[in-house]
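Residue-level structure breakdown
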Amino acid sequence: MKKISIVIPAYNEEGNLSEIRKAIDHVFHNLPNYKYEIIFVNDGSRDRTQVFLEEMSLSFPEVRYIEFSRNFGHQYAVKAGLDLADGNAVISMDADLQHPPALIPEMIRKWEEGYDIVYTIRKYPKSISRFKRSTSDFFYRILSKLSDVELEKGSSDFRLLDASVIDVIRDGTESDVFLRGLVKWVGFRQYAIPFVAGERFAGESKYSLGKMFRFAFTGITAFSVKPLYLAAYLGFFFSLVSLLYIPYVIYSFMNHSEISGWASLIMTVVFFGGVQLIILGILGIYMGKIFKQIKGRPNYIIRSKNL
Ligand code: UDP
Ligand code: MG
C-alpha cells in the first residue's frame, strides 16, 4: 500500500488542528487504497498547539508531530516536514483550512498518472482584501521579472511531491529556503491545479506585512543575481550620462568665468547618494546571504518529535 505523508506547519493554530485532522481523515476514508500520516510541524507556537498535538497523537495513530525549539518560519517548518517524511508522496498544506483537503484525491490521481509534482495555483475569492491581492500579484510580477524561475501568480505551498523530488530537496544545503522557487527550479514533470482559497478557519494570518516583504526579498535574491546586474547597469548608465555632462560643464566654465550652480550640485549629490546606498544595500543583501550560508547553522532545531 502506498503511503501519503501530509505535512502541516502550525504556528499558534490550536483552533484548527482538530478540524484539519478530521477533514483529512474524511478524505482518506474515500481513498481506501492509501495509507496516510499527518505530520504537524509545531513552529514554536505560544498557544496550546503542542499540548493538542501530543493528545491527538495518542488518540490517532496517523497523527505525528515535530516540535521546533522556537519559531523558525513557515518555509523551514515545511522543509522539516519534507526532510523527515517517508511517504511515497508528500503533500504540504496550511493548517488553517485555506488549502481545501478536498483537492487531495485529484492531486493523488495526477501523481498516479505520472506527474512528480502536483502544485496548486490559488485564485482569490472576492472576500480577500484588495490590498493583499494586489501586493501578492505585484510580488509575483517582480519575482518573475527579477529571477530565473518562472513562478505563476498565486503559486501556493499546497502541493504534492513525489519521494524522488523530496530526495533532491532534502539534499540541498541552502540557508534561505524558498520552496515555491525551489520546487519550480528542480524541474521534473509538473502539473498545476487551480483552487479558490477559502477563509481561514480559526485564528489570524501569521504573515504580517513585514514578514511578507522579507519573504519577497528572500524569494528574489535566492533565485537570481539579476539585482546585481541591475546595479551594474545603473552604474554604467550614470557614468555615460556624466561623460556627456562633463564636457558641458567645462564648456560653460570657459565661457562665463564665474562659478555658479549650487542647486544642481546639491541635487546630484543627494541623488547619487541615494543611488549608491541602494546599490550598497543590494550588495549587502547578497553578502548577508553568504554570511548566513557560511556559518552553516542548521535551518531549524527540533525540540521533540513523534514520528
Ligand atoms: N506558519 C508557520 N510559521 C510561521 C508562520 C506561519 O508555521 O512563522 C504556518 C501557519 O500556521 C499556517 C501556514 O504557515 O499553517 C500559513 O500561514 P498563514 O495562514 O498565517 O498565512 P496566509 O495564509 O495568511 O498567507
Ligand atoms: Mg492562511
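Not measured: the values here are computed from a predicted model.

As recorded in UniProt, the sites labelled "transmembrane region" (unreviewed entry) are residues 228–250 and 262–287. For residues 228–250, helix accounts for 100% and strand for 0%, while the C-alpha atoms at its two ends are 33 Å apart. What you have in residues 262–287 is 100% helix and 0% strand, and the ends, taken at the C-alpha atoms, are 37 Å apart.

It is worth spelling out the environment of Tyr65 at this point. Locating Tyr65 in the fold gives a position in strand β3 (residues 63–68). For Tyr65, a count of 23 C-beta atoms within 10 Å translates into the label buried. Taking the C-alpha atoms as reference points, Tyr65 and Gln50, separated by 15 residues in sequence, lie 8.7 Å from one another. When sequence neighbours within four positions are dropped, the list of residues in contact with Tyr65 reads Ile39, Phe40, Asn42, Leu53, Ser57, Lys305 and Asn306.

Sequence positions flagged by UniProt for "domain: Glycosyltransferase 2-like" (unreviewed entry) are, in local numbering, residues 5–142. This span, residues 5–142, is 41% helix and 23% strand, and a straight line between its end C-alpha atoms measures 33 Å.

Domain boundaries assigned for the protein yield domain 1 (2–223) and domain 2 (226–295). The interface of domain 1 with domain 2 comprises seven residues on the first partner and seven residues on the second. Taken together, the residues of the side of domain 1 that touches domain 2 break down into three nonpolar, three polar and one charged.

Reading guide: rules and limits
Counting restarts for each chain: residues are numbered from 1 in the order of the written sequence. Labels follow written order: the first chain is A, the first ligand is 1, and so on. Since the coordinates come from a predicted model, pLDDT governs what is reported: local features require at least 70, and pairs of side-chain atoms require 80 or more to be given and counted, while whole-chain, interface and lining totals use all residues. UniProt positions are given in the numbering used here, feature names are shortened, and annotations may be inferred rather than shown by experiment. Helix numbering and strand numbering both begin at the N terminus, where a helix is a DSSP run of H or I of at least 4 residues and a strand a DSSP run of E of at least 2. Backbone-placed C-beta atoms define the burial measure: a residue is buried with 20 or more other C-beta atoms within 10 Å of its own, exposed with 12 or fewer, and partly exposed in between. For every residue pair, C-beta atoms are placed from the backbone, and the pair is scored as a contact if these atoms sit within 7 Å. Per the annotation, domain bounds derive from an automatic or database assignment of domains. Each residue gets one of three labels, nonpolar for Ala, Val, Leu, Ile, Met, Phe, Trp, Tyr, Cys and Pro, charged for Asp, Glu, Lys and Arg, and polar for the others, Gly among them.

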